[in-house]
Amino acid sequence: ETDANVEEFLNAIADETQREDSKKVSAMMETATDAKPKMYGANIVGFGQRTLKYASGREQEWMQIGFSPRKGNLTLYLTTDENWDEELLAKLGKHKLGKGCLYVKRLSDVDEKVLNELIEKSVENIRK
C-alpha cells in the first residue's frame, strides 16, 4: 500500500474510455467492500484489507479486491482461487480469466450488473 492519491491516478489515465470505466469499477468496488480506495504499488487500486498467509508461514497485509487499468484491458483482482461462478461468467460478456484475475477490455463489452454481482460475490467469499 502506498500514499499515492487514487483520484489523481484515475484522472491521469490517458484513454478517456478506460478512465471512465476505471471510475465506474472503483465505485462498484467501494460499495461492495465499504472501504475507500488505496493505491498498491504504482498502478493497482485496492479496497479493504486482509492478511494473506503463504505456505511458508509468511503473512502479508493486502487488499480484499482491486483493479488495474493496464494497456489493452482492465485487470480486476477478485479472488485468490479459481472458484469462479461459471453461471455469472457465462452472462458477463467478453472477458478473459487468469488465476484470481478477470480481464475486461472495456465495460461496454460486459453486462455491468453481472460484473457488479461478481465483485460482490468475491468480497463475500474473501470474508468467509
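Values in this document were obtained by computation on a predicted structure and should not be read as measured data.

1. What about the nonpolar core?
And step 1. Met 29, Phe 67, Leu 76, Leu 78, Leu 102, Leu 115 and Ile 119 are the most contacted members of the largest nonpolar core, which has 29 residues in total.
And step 2. Those elements giving two or more residues to this core turn out to be helix H1 (6-11), helix H2 (16-33), strand S2 (44-47), strand S5 (65-70), strand S6 (73-77), helix H3 (86-92), strand S8 (101-104) and helix H4 (112-127).
And step 3. Per-element accounting of this core gives the leading share, 5 residues, to H4.
And step 4. If we skip the residues at most four places from it in the chain, Met 29 touches Phe 47, Ile 65, Gly 66, Phe 67, Leu 76, Leu 78 and Ile 119.

2. Some words on the packing of aromatic side chains
And step 1. All told, the structure shown has 1 aromatic pair when counted by the stated rule.
And step 2. A ring pair is formed by Tyr 40 and Trp 62, whose centres lie 5.0 Å apart and whose planes are at 70°; its orientation type is edge-to-face. Of this pair, Tyr 40 sits in strand S1 (residues 38-40) while Trp 62 sits in strand S4 (residues 59-62), placing them 22 residues apart in sequence.
And step 3. According to the relative accessible area criterion, Tyr 40 is buried, its value standing at 3%.
And step 4. A residue is classified by how much of its surface remains accessible, and Trp 62, at 25% relative accessible area, is partly exposed.

3. Topic: the sheet that holds S5
And step 1. Pairing within the open sheet is antiparallel, and its 6 strands lie in the order S1-S2-S5-S6-S8-S7. One side of each edge strand has no neighbouring strand; the edge strands of this open sheet are S1 and strand S7 (96-98). Adjacent strand axes in the sheet meet at a mean angle of 25° when their direction is disregarded.
And step 2. Here 3 bridges tie S1 to S2, and the two strands are oriented antiparallel to one another. The residue bridging Tyr 40 from the neighbouring strand is Ile 44, located in S2.
And step 3. The strands that H2 touches are S2, S5 and S6; relative to S5, the one it contacts most, it runs at about 175°.
And step 4. Lying on the sheet, H4 is in contact with S5, S6 and S8; it crosses S5 at an angle near 135°.

4. Focus on a negative patch on the surface
And step 1. On the surface, a cluster of negative charge is contributed by Asp 111, Glu 117, Glu 120 and Glu 124.
And step 2. Residue position: Asp 111 is located in the loop between S8 and H4.
And step 3. For Asp 111, a relative accessible area of 35% translates into the label partly exposed.

Analysis parameters
Residues numbered from 1 in each chain as written. Predicted model: local features only at pLDDT ≥ 70, side-chain atom pairs only at ≥ 80, totals over all residues. Heavy atoms only, no water. Core = buried A, V, L, I, M, F, W, Y, C linked by side-chain atoms within 4.5 Å. Buried < 20%, exposed > 50% of the residue type's maximum accessible area, 1.4 Å probe, protein only. Helix = DSSP H or I, 4+ residues; strand = E, 2+ residues; numbered from the N terminus. Contact = heavy atoms within 4.5 Å. Phe/Tyr/Trp six-rings, centres within 6.5 Å; stacked < 30°, edge-to-face > 60°. Pairing = 2+ DSSP bridges. Axes fitted to C-alpha atoms, helices over the stretch in contact; angles between N-to-C directions. Patch = residues over 30% accessible without salt bridge, like charges linked within 9 Å, V, L, I, M, F, W, Y side chains within 5 Å. Areas by Shrake-Rupley, 256 points an atom, 1.4 Å probe, with all protein chains shown as cover. Salt bridge = Lys/Arg side-chain N within 4 Å of Asp/Glu carboxyl O. Lys, Arg positive; Asp, Glu negative; His and termini not counted. Charge placed at Lys NZ, Arg CZ, Asp CG, Glu CD.

Function cannot be inferred from these measures alone, as they are strictly geometric.
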